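Structural overview
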Amino acid sequence: IHKSLHAFHPAPPPLRCQSLSGVGAPRWNDQDIPKEFNFASYVVDYWVQMEKEGKRGPEPALWWINNQGDEVKWSFSEIKDLSCRVANILTQTCSLQQGDHLALILPRVPEWWLVALGCIRTGIIFIPGTTQLKAKDILYRLQVSKAKAVVTTDTVVSEIDSVVSECPALKTKLLVSDHSLHGWLDLRSLIRSASPEHTCIKSKTKDPMIIFFTSGTTGLPKMAKHSHGLALRSYLPTCRKLMRLKKSDVFWCVSDPGWILAAVGGLFEPWTAGCTLFIHHLPQFDPKVIIKALLEYPITHCIAAPSVFRMILQEKIPRFPTLKHCFTGGESLLVEEFEKWKKQTGILLHEIYGQSETGVTCSVLQEMKIKPGSMGKAISPFDVQIIDDKGNVLPPNTEGNIGIRIKPTRPVGLFMYYKDNPQKTAEVECGEFYNTGDRATMDAEGYIWFLGRSDDVIMSSGYRIGPSEVENALAEHPAVAESAVVSSPDPTRGEVVKAFVVLNPPFRSHDQNQLTKELQQHVRAVTAPYKYPRKVEFVPELPKTITGKIKRAELRKKEFGQM
Ligand code: BCO
């Protein structure tokens, strides 16, 4: 397989699939994919060898910067050395074993990539989480995943320490910081003294590798468990058509490392191609910082949520000297935004579509005709169809759910199941398909046109937010008698979280602007702030069914002027 990876560079390999058109494309099945795959040994260590043989230039594999002028540049050889050290720390110092769970709650710091690779080398299953998570979010994640270790940074330490006594499975806390802290292992100093000698496990493609927490309408987030197949997908010939990266490219994925977009776009895709991964620490998002980096660094490719491009478009933007290709996903991109980006930068914005469960599923490939407003076609090995509630494939231009065929063969790269939740796993199976819960139509040429969610999940600036998570947070505030949280349109974020709140009697006379701020601040304090309601409306009562269920759909329709 190392040989076949070599064949991918610099020219794309001969395709084993005859058609990439999505509709009617031959599907991959288990026979087409290798039984064993490990991203660290098959991809990273391959590039180490290429560097040794002089077949890869001096460009760094990882190029990290921050706003303070610090910079880290690592070759693949250095990444291998350092990630092997982390692998040894995890198995020896922390006594973790293959199959154990590790929560990885780090911002965009180079150690994120070392820990991810250290886990892949050892078979430890890592669970990325955004540093926006608060104590309660972390408690839930540590408890349900039974994580034995957590890796984090200074800003999250107190959130974790406040709940650690309630997490009996958690044995090790690793800190990435410039200083050491009592009760925490100092990862940076451990790396300095660890051995770089490590033998990577021989993982089966179907062995578990990574878990993402994903929100639904009801209940708490579920654990979507992925195998090494998620990384293998970037390696397969058909997927190489997605970004067509070359060794000489410099690729920037703006997404927070807590999301699947960062794992695929900020790890598997660029390093499979052997190109430079550019990372900006970006502790707080600022479009001006993005523009400055695109002007000052030789970035050729950039991937980010549509909201990021929208926010950049609100600034004065010059032509970017090296930027050639942009990709966007996580929410809908409007036709006007596509056109505006093209006009102002001369660059096309290629849409991708996916979920935490699926990775990248659909895309506007570079050789494809672009139909602005469409998220492109299915990319192999996914057979994507528009289905009805029974799993029947619907004819072109008919609204239905986006389904991914899982029978007779579950495609490589699709999540394995929701861990410890066979009921939810069964609920998303619909005939021969995995039902994404996203609504769309497909035209006669196989282009898919996204419409929205079939449930109450809110898609705001690239986040999928479960309304009950916000309602639960609001319920903890003494002013709130009850609330209903729905999606509401927004020119910058596509959609935002809106809370309809019924106040408890003593609060009804309070200043409503002040109360709005208080409730927003409260939600930001008790759960990850990206979920806070950017709009709040106080109402005397909520619309309900005769059985007392809140009619969120009715409220949502009003927001979108559909009633
Ligand atoms: O509204 P405010 O500005 O007052 O507050 C914001 C943040 O400033 C603040 N915040 C951020 N980090 C914080 C924090 N507060 C406390 N502690 C922290 N650690 O809280 C609010 C959070 O909102 P936000 O995250 O939307 O922030 P912001 O700064 O406005 O960022 C805008 C975007 C567009 C950069 C951000 O929304 C974003 O990164 N969106 C993309 C998400 C994404 O990558 N999605 C992909 C998911 S994977 C997928 O879809 C599958 C595709 C294959």
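Let us look at the structure shown here. Each chain has its residues counted from 1, running along the sequence as written. A pLDDT threshold of at least 70 governs which residues receive local features in this predicted model, and a stricter bar of 80 or more applies before side-chain atom pairs are shown or counted, although totals over entire chains, interfaces and linings include all residues. For side-chain calculations, the full set of non-hydrogen atoms in the structure is used, while hydrogens and water are omitted.

**What to know about the overall build of the protein**
Working definition: helices are DSSP H or I runs of at least four residues, strands are E runs of at least two. Numbering for both runs from the N terminus. The number of helices and strands found in the protein is 17 helices and 27 strands. The globule rule used here is 2.2 Å times the number of residues to the 0.38 power, and the radius of gyration it is set against is calculated over C-alpha atoms. The C-alpha atoms of the protein give a radius of gyration of 23 Å, which matches the 24 Å a tight globule of 563 residues would have. In terms of overall dimensions, the protein has a C-alpha envelope of 75 × 60 × 50 Å along the principal axes. Using a 1.4 Å probe on the protein chains alone, a residue whose accessible area is under 20% of its type maximum counts as buried, one over 50% counts as exposed, and one in between counts as partly exposed. Counting all 563 residues of the protein, 61% fall into the buried class. When contacts within the protein are restricted to residue pairs at least 6 apart in sequence, those whose partners lie at least 24 apart make up 68%. What sets the accessible areas is the Shrake-Rupley method with a 1.4 Å probe; for residues, cover comes only from the shown protein chains. Carbon and sulfur atoms make up 51% of the accessible area of the protein, which totals about 22500 Å². Under the convention used here, Asp and Glu are negative, Lys and Arg are positive, and both His and the chain ends fall outside the count. By convention, charge coordinates are those of NZ in Lys, CZ in Arg, CG in Asp, or CD in Glu. Separation of charge centres in the protein, based on 68 positive and 60 negative side chains, amounts to 3 Å. Residues are treated as being in contact if the distance between any of their heavy atoms lies within 4.5 Å.

**Some points on the sheet that holds strand E27 (residues 535-538)**
At least two bridges found by DSSP between two strands is the condition for calling them paired. Within the open sheet, the 3 strands sit side by side as E25-E26-E27. Their pairing is mixed. For this open sheet the edge positions go to strand E25 (480-490) and E27, each flanked by a neighbour on one side alone. Between one strand axis and the next, the sheet turns by 25° as a mean value, whatever way the strands run. Running at roughly 140° to E25, helix H15 (residues 467-475) makes contact with E25 and strand E26 (494-503) of the sheet. Helix H17 (residues 552-559) contacts E25, E26 and E27 of the sheet and is inclined by roughly 40° relative to E25. For helices, the fitted line uses only the C-alpha atoms of the stretch in contact; every axis is such a line through C-alpha atoms, and the angle between N-to-C directions lies from 0 to 180 degrees.

**Some remarks on the site of the ligand**
We call a residue near a molecule or strand when any one of its heavy atoms sits within 4 Å of it. Close to the ligand lie 25 residues, the nearest being Ser255, Ser461, Tyr463, Arg493 and Arg534. Here a nitrogen atom of the ligand and a backbone polar atom of Ser461 are 2.6 Å apart. Taking Arg493, its side chain carries an N or O atom lying 2.6 Å from an oxygen atom of the ligand. Within the complex, the protein chains bury 81% of what would otherwise be the 1000 Å² of accessible surface of the ligand. Those elements giving two or more residues to the shell around the ligand turn out to be helix H10 (260-272) and helix H12 (306-313). Residues adjacent in sequence count toward polar contacts only when both atoms are side-chain atoms; beyond that, a polar contact is any pair of N or O atoms within 3.5 Å, and within protein one must be able to donate a hydrogen and the other to accept it.

**What about the nonpolar core?**
We define the nonpolar core as a collection of buried residues of types Ala, Val, Leu, Ile, Met, Phe, Trp, Tyr and Cys that are connected through side-chain atoms lying within 4.5 Å of one another. Phe39, Leu102, Phe126 and Trp271 are the most contacted members of the largest nonpolar core, which totals 80 residues. Top contributing element to this core by residue count: helix H2 (residues 39-52), with 9 residues. When sequence neighbours within four positions are dropped, the list of residues in contact with Phe39 reads Val44, Leu117, Ile120, Ala231, Leu267, Phe268, Trp271 and Thr272. If you look at the next biggest cluster of nonpolar residues, it comprises 38 residues, including Leu133, Val157, Cys167 and Leu474.

**Topic: the pattern of salt bridges**
Salt bridges are defined by distance alone: a side-chain nitrogen of Lys or Arg within 4 Å of a carboxyl oxygen of Asp or Glu. Evaluated as defined, the whole model comprises 38 salt bridges. A salt bridge links Lys288 to Glu315; the nearest nitrogen and oxygen atoms lie 3.2 Å apart. With Lys288 in helix H11 (residues 287-296) and Glu315 in the loop between H12 and strand E13 (325-328), the pair connects residues that are 27 residues apart, well separated along the chain. Taking relative accessible area as the criterion, Glu315 reaches 22% and is therefore assigned partly exposed. Between Arg439 and Glu399 there is a salt bridge whose closest N-O contact spans 3.1 Å. Linking Arg439 in strand E21 (residues 433-442) with Glu399 in the loop between strand E17 (384-387) and strand E18 (400-405), this pair joins segments that are 40 residues apart in sequence. Taking relative accessible area as the criterion, Arg439 reaches 21% and is therefore assigned partly exposed. Several salt bridges converge on common partners, so that one network encompasses Lys369, Lys371, Asp443 and Glu445.

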